[in-house]
Amino acid sequence: MAAREDRPPAVELRGITKRFGDVVANDGVDFTLEEGTIHALLGENGSGKTTLMSVLYGLYDQDEGEIDVHGEPRYFDTPRDAMDAGIGMIHQHFQLVEPMTVLQNIVLGHEPTENGLVDEDAARADIQEISDRYDFDVAQYLDVPVRELDVGVQQRVEIVKSLYRGAEILILDEPTAVLTPQESQRLFDVMEELRASGHSLIFITHKLEEALTTADRIAVLRDGKAVGTVDPTETTEQELARLMVGREVLFETETRETTPGAPILDVQGLHVRSDRDLLQVRDVDFTVREGEILGIAGVQGNGQTELVEAITGLRDVESGSISFEGKNITDTSRRDRIESGIAYIPEDRQTEGLVQDYTLVRNALLGNQTIAPFVNRGVIDWGAVREHAESIVESYDVQPPDPASNAQSLSGGNQQKFIVGREIEHEPTVMVASHPTRGVDIGAIEFIHDRLFELRDAGLAIVFVSSKLDEIQRLSDRIAVMYEGEFVATVDPETVTEEELGLLMAGSEIDDTDDTEDAEVNR
Amino acid sequence: MSGEDDRGRARSAVDRAADRMLDASVLERLAIAVASTTLALVIGLVLVAVTGYDPLLFLSNVIEGAFGDNNAVARTLRFTTMFVLTGVAVAIAFRAGVFNIGVQGQFVVGGLTTVMTILWLAPFLPQGAVGGVALIVLGTAAAAVAGGLYGALPGVLKAYGDANEIITTIMLNFIAVGVVGYLVEGPFRGEGNRAPNTERIPEYVEFPRIVFDSSGFSIVGLAIALAVVAVVTLVMARTRFGYDMITSGHQQDAATFAGVDARKTIVTTMTFSGAVAGIAGAVFAIMIQGYYSDPSGVATYGFDAIAVSLLAANNPLGVVPAGLLFGGLDSAGTHIGIYSDVPVQLIDGIIGLVVLFVAAPELFRMAAKRTGLGGESR
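What counts and what doesn't
Residues numbered from 1 in each chain as written. Chains lettered and ligands numbered in written order. Predicted model: local features only at pLDDT ≥ 70, side-chain atom pairs only at ≥ 80, totals over all residues. Helix = DSSP H or I, 4+ residues; strand = E, 2+ residues; numbered from the N terminus. Rg over C-alpha atoms; globule rule 2.2 N^0.38 Å. Buried ≥ 20, exposed ≤ 12 C-beta atoms within 10 Å, placed from the backbone. Contact = placed C-beta atoms within 7 Å. Pairing = 2+ DSSP bridges. Axes fitted to C-alpha atoms, helices over the stretch in contact; angles between N-to-C directions. Domains from an automatic or database assignment. Nonpolar A, V, L, I, M, F, W, Y, C, P; charged D, E, K, R; others polar. Expected span 1.5 Å × (residues − 1). Parallel < 35°, antiparallel > 145°, perpendicular 65-115°, else oblique. Left-handed = near helix turned anticlockwise from the far one by under 90°. pLDDT = per-residue confidence, 0-100.

Colleague: Please give an account of the overall build of chain B that cites residues and values.
Modeller: Of the regular secondary structure elements, chain B holds 14 helices and zero strands. Helices and strands in chain B line up, N terminus first, as α-α-α-α-α-α-α-α-α-α-α-α-α-α. Relative to the globule expectation of 21 Å for 378 residues, the C-alpha radius of gyration of chain B, 22 Å, shows essentially globular dimensions. Its C-alpha atoms give chain B principal-axis dimensions of about 70 × 60 × 35 Å. Residue burial in chain B is summarised as follows: out of 378 residues, 47% are buried. Across chain B, every contact between residues at least 6 apart in sequence was considered, and the portion connecting residues at least 24 apart equals 79%.

Encoded structure:
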């Protein structure tokens, strides 16, 4: 245990309890953030990390418990109160107005005024000063609309925004979820910079490695309870994982003993437009064979979404062709593709994969509306659907194991397990899995990976999109890297390094071409 | 960010209330509706007293007018029949997330179609009961087709032309009323009619009056309305078509993911909704009017139906009690208008008060569901 300093802790939470109806999201949680340190808050999804920080930030009222900031008891009714006490929060989804410039976003709500007019020069000077002090690149983008910036820069804008408002305590909610490895490193540098200048940081994450390398202390939450606070120099990934999950987790690597068979899915010269009518997929070719997993790596927004939607029939193709088992399916409907055996684990489980207001029984019918025995001549057999839902819940370990519960009452991981189960039970020939483990806890990640391996061994052709490099390396037989709509390289997961993948994802070329194959690999 | 800041204390109070409403059981919701009606009536009575009329007499008039005698009950059930049918038409569309404000227009088109179909076909069919039943069936079927097509039109405009259905259906209401008004004024006007009306449909084309012998109501009409409720409920609950429709209404992206063609669903929903509105028009024409007249200004069930449906949380089954409440209030209003000197505006105001009080908790509940008030975990 680190020695206590003389100063009172920056934040002290005592016995915080927060209930939503019958669900106890935080159960008597104690948490202490020492002045000038980085404190990681580690836990699986649904363990109550974000709820705890939302209580601190004034977004929720706690049912029980007390908050001290710099030794003073405080009660925050709104985020405004928390900001006034010097607390800033960088949300997972940035709170930026996209069409407005960086300058406008930073001063929004705290505009310096002179005679009732916004004093832009004063704002500029202040932001410049903050930028210089912490060595940020934000000042050079002041007049650029936020939507034209990379995610990494947007995140730094968020941080500057908080600092501009006088935040001394910063809460970062899963800040690396949207970043490439290089950008993440840059963020960690920024965090250290801030700590060095006396700021105190809370870093929410479910990634063990990040917590271990960046934090001074790590608090672990499980099922809404604080299960331990550890010193990163005195612990291991295994121990942290055990604390987080409550049981032993095996990080074993799968041996690849696959012999891909006949080609199943063939994509040639594919061009696809985005919702904003931009050409988001450019001239992509690939073939996936029986018993093969093609991983598609890339920073989000480089065309993966559009590519996947074109394959699954959710988006029209600009040009090019998609063939499935030798038949051209480029213009067939989504329904035809579902029926012909193309299953899809969608990128967005909240809006696409599940109807939030429906029970799991009703959700079990989603996508199965034309498939016997669930529906015969347009009439639904709810008995058969219910049995199906029960079997998914049981075989895929969905918690709570009650098919009558509403989808929205499930945690992210359990929602995902239900979707994975439903899509696998289609008995498909092709599985398209888009970020199947995003926001999912370690136990469920392991489970979903195992299911995908089983599908591969059963001879399915699998297209798998992820921005997590370790995952993509672990699962894929081949990795295609997508950058600005193109397959810039196809690499062997055995030989490529995370750094090389990160560089490729950021659009750089790798000099050493031994590891790369041509983008149009048909083997 | 600032939006979140400003809500403050009020927000957490609203959150708790929303939380409570979302957890309310069906029985609790019914109890809330009864309590709201009572409260609104009490306030209404105060208004009556303040304006110088006898509140107790007013109250007894309300009760008498709604179900005081055979005649009052028949009138209440007549209005109820119409509110249930038009309310279901609205509920179908709203449930699927399509805002059909054009039920009135589809209702009018259906009504005229029924009358004209019966008038045209009557010479070819035997007179008497058999011919009467045949004409009722054909007239109603024609109304369903006409109402369906008139509903499909804004559906197509929305699905393939991106035209907002609220605006197009409102415009089509005006068009329906105007065109039907012109037709009954000119081409379809009965020979020798002084008023702009069609000819009467033959005497034998009517619903048998088994109970409540009263002009303008037959238990058969109410039975048709309840049968439509049953069919619509079954379609919604037990068929792929209903599932696709409701799923589109809940979450369009999930429906699309599941292979539902969004455009087709909009058109079929509007057609289905319009067909039920057309049937409502047929029941109005056969049971109540017996001919068709200029539809401007009279029998605006299609508009009240929106309130009925909202009150029923767009649930076809819930439309029955909601329709009964509206039917009773309108019936009481009619009675008071005739038998007391309380101005009709005050009566309408009190009816409005009741509707507002009953609907507000339900609307709040729906808003809570949509906006995620009452806790983010839902």
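Colleague: Quick one: what's the story with the overall build of chain A, residue by residue and with numbers?
Modeller: Broken down by element type, chain A carries 17 helices and 25 strands. Taking 2.2 N^0.38 as the reference for a compact globule, 523 residues should give roughly 24 Å; the C-alpha atoms of chain A span a radius of gyration of 24 Å, in line with that estimate. Along the longest, intermediate and shortest principal axes, the C-alpha atoms of chain A span 70 × 50 × 50 Å. Counting every position in chain A, which comprises 523 residues, the buried fraction comes to 47%. In chain A, the proportion of contacts linking residues at least 24 apart, taken out of those at least 6 apart, comes to 69%.

Colleague: Outline the sheet that holds strand E13 (residues 263-273) of chain A, supporting the account with residue identities and numerical values.
Modeller: Residues and elements named next belong to chain A. One open sheet holds the four strands; their spatial order is E14-E13-E16-E17, and the pairing between them is antiparallel. On the outer flanks of this sheet lie strand E14 (279-289) and strand E17 (327-328), each paired with one strand and no other. Against the sheet, helix H9 (residues 304-312) engages E13, E14 and strand E16 (319-324), with an angle of about 55° to E14.

Colleague: Can you explain the domain arrangement of chain A? Please cite residues and give values.
Modeller: Residues and elements named next belong to chain A. For chain A, the assigned domains read domain 1 (11-245) and domain 2 (263-341 + 428-517). Computed over C-alpha atoms only, the centres of domain 1 and domain 2 are separated by 33 Å. At the junction of the two partners, domain 1 supplies ten residues and domain 2 supplies twelve residues. Elements with a contribution of two residues or more to the side of domain 1 that touches domain 2: helix H6 (181-196) and helix H8 (237-245). Take the side of domain 1 that touches domain 2: its biggest share by element is three residues, from H8. Looking at the side of domain 1 that touches domain 2, its residues break down into five nonpolar, four polar and one charged.

Colleague: Before we move on, could you go through the sheet that holds strand E2 (residues 23-33) of chain A and cite the residues and values that matter?
Modeller: Residues and elements named next belong to chain A. Strand order in this open sheet of four strands is E2-E1-E4-E5, and the pairing throughout is antiparallel. Bordering the open sheet on either side are E2 and strand E5 (72-74), each of which pairs with just one other strand. Strand-to-strand, the axes of this sheet are offset by a mean angle of 30°, without reference to chain direction.

Colleague: Would you mind going over helix H5 (residues 151-164) of chain A in detail, with residue names and values included?
Modeller: Residue and element names in this part refer to chain A. Here H5 spans 20 Å end to end across 14 residues, near enough to the 20 Å set by a 1.5 Å rise per residue. Burial of H5 is extensive: twelve of the 14 residues sit out of reach of the surface. Looking at H5, one finds that the buried residues are Gly152, Val153, Gln154, Gln155, Arg156, Val157, Glu158, Ile159, Val160, Lys161, Ser162 and Leu163. If you follow the buried residues of H5, they end up packed against strand E6 (87-90), helix H3 (102-107), helix H4 (120-134), strand E9 (169-173) and H6. Of the residues flanking the end of H5, it is Gly166, one or two places downstream, whose phi is positive at about 85°.

Colleague: Quick one: what's the story with the environment of B:Thr334, residue by residue and with numbers?
Modeller: Residues and elements named next belong to chain B. Mapped onto the elements, Thr334 comes out in helix H13 (residues 319-339). On the basis of neighbour count, Thr334 is assigned to the partly exposed category, with 18 C-beta atoms found within 10 Å. Through-space distance from the C-alpha of Thr334 to that of Pro55 is 17 Å; in sequence the pair is 279 residues apart. Every residue in contact with Thr334, bar those within four places of it in the chain, is listed here: Gly65 and Arg75.

Colleague: Describe the domain arrangement of chain B, with residues and values.
Modeller: Accessible area lost when the parts come together is the quantity often used to give the size of an interface. Residues and elements named next belong to chain B. Along its sequence, chain B is organised into domain 1 (1-53 + 341-378) and domain 2 (77-332). The interface of domain 1 with domain 2 comprises eight residues on the first partner and six residues on the second. Taken together, the residues of the side of domain 1 that touches domain 2 sort by class into seven nonpolar, no polar and one charged.

Colleague: Just give me the short version of the pairing of E13(A), but keep the residues and values in it.
Modeller: Residues and elements named next belong to chain A. Sheet topology places E13 next to E14; seven bridges connect them, and they run antiparallel. The residue of E14 that forms the bridge with Pro263 is Arg289. Counting the residues between successive antiparallel strands, the hairpin from E13 to E14 contains five residues, one of them, Asp277, with a positive phi of roughly 65°.

Colleague: Quick rundown of the pairing of strand E10 (residues 200-205) of chain A? Include the residues and the values.
Modeller: Residue and element names in this part refer to chain A. With six of six residues buried, E10 lies mostly within the body of the structure. The alternating pattern of E10 places Ser200, Ile202 and Ile204 and Leu201, Phe203 and Thr205 on opposite faces, both of which are buried. Where strand E3 (residues 38-43) meets E10, five bridges bridge the pair, whose relative direction is parallel. Each bridged residue has a counterpart across the sheet, and for Ile38 the counterpart in E10 is Leu201. Across five bridges, E9 lies against E10 in parallel orientation.

Colleague: Kindly report on unusual backbone geometry, identifying the contributing residues and their values.
Modeller: Here the bond from A:Ala372 into A:Pro373 is cis, since omega is 5°, no more than 30 degrees from zero. Among the secondary structure elements, A:Pro373 is positioned in the loop between helix H12 (360-364) and strand E19 (375-376). Residue A:Pro400 is bonded to the preceding A:Gln399 through a cis peptide linkage, with omega at -5°. Positive phi, close to 55°, is recorded for B:Ala313, a residue that is not glycine.

Colleague: Talk me through the packing of helix H4 (residues 70-95) of chain B against helix H8 (residues 219-238) of chain B; I want residue IDs and the actual numbers.
Modeller: Residue and element names in this part refer to chain B. Here H4 crosses H8 at 20°, and the two axes come no closer than 9 Å. The pairing of H4 with H8 is recorded here as roughly parallel in orientation. H4 and H8 meet at a crossing whose hand is left-handed. Here Leu77, Thr81, Val84, Leu85, Val88, Ile92 and Arg95 of H4 come into contact with H8, specifically with Gly221, Leu222, Ala225, Val228, Val229, Val232 and Met236.

Colleague: Residues and numbers for the packing of helix H12 (residues 301-311) of chain B against H13(B), please.
Modeller: Residue and element names in this part refer to chain B. It is at 8 Å that the axes of H12 and H13 come closest, and there the two elements cross at 130°. By the angle class used here, H12 and H13 are oblique. In the packing of H12 onto H13, the handedness of the crossing is right-handed. The segment H12 lies against H13, with Asp304, Val308, Ser309 and Leu311 engaging Val319, Ala322, Gly323 and Phe326. Looking at side-chain class alone, the contact of H12 with H13 contains five nonpolar, two polar and one charged residues.

Colleague: Describe in detail the confidence of the model for chain A, supporting the description with residues and values.
Modeller: All names here are of chain A. Taken as a whole, chain A shows an average pLDDT of 87; of its residues, 93% reach a score of 70 or greater. At the level of individual helices and strands, chain A shows its lowest average pLDDT in strand E25 (residues 516-517), which scores 42, and its highest in H12, which scores 96. Long-range and interchain partners of residues 512-523, a stretch whose pLDDT sits below 50, account for 19 contacts in this model, where long-range means more than four residues apart.

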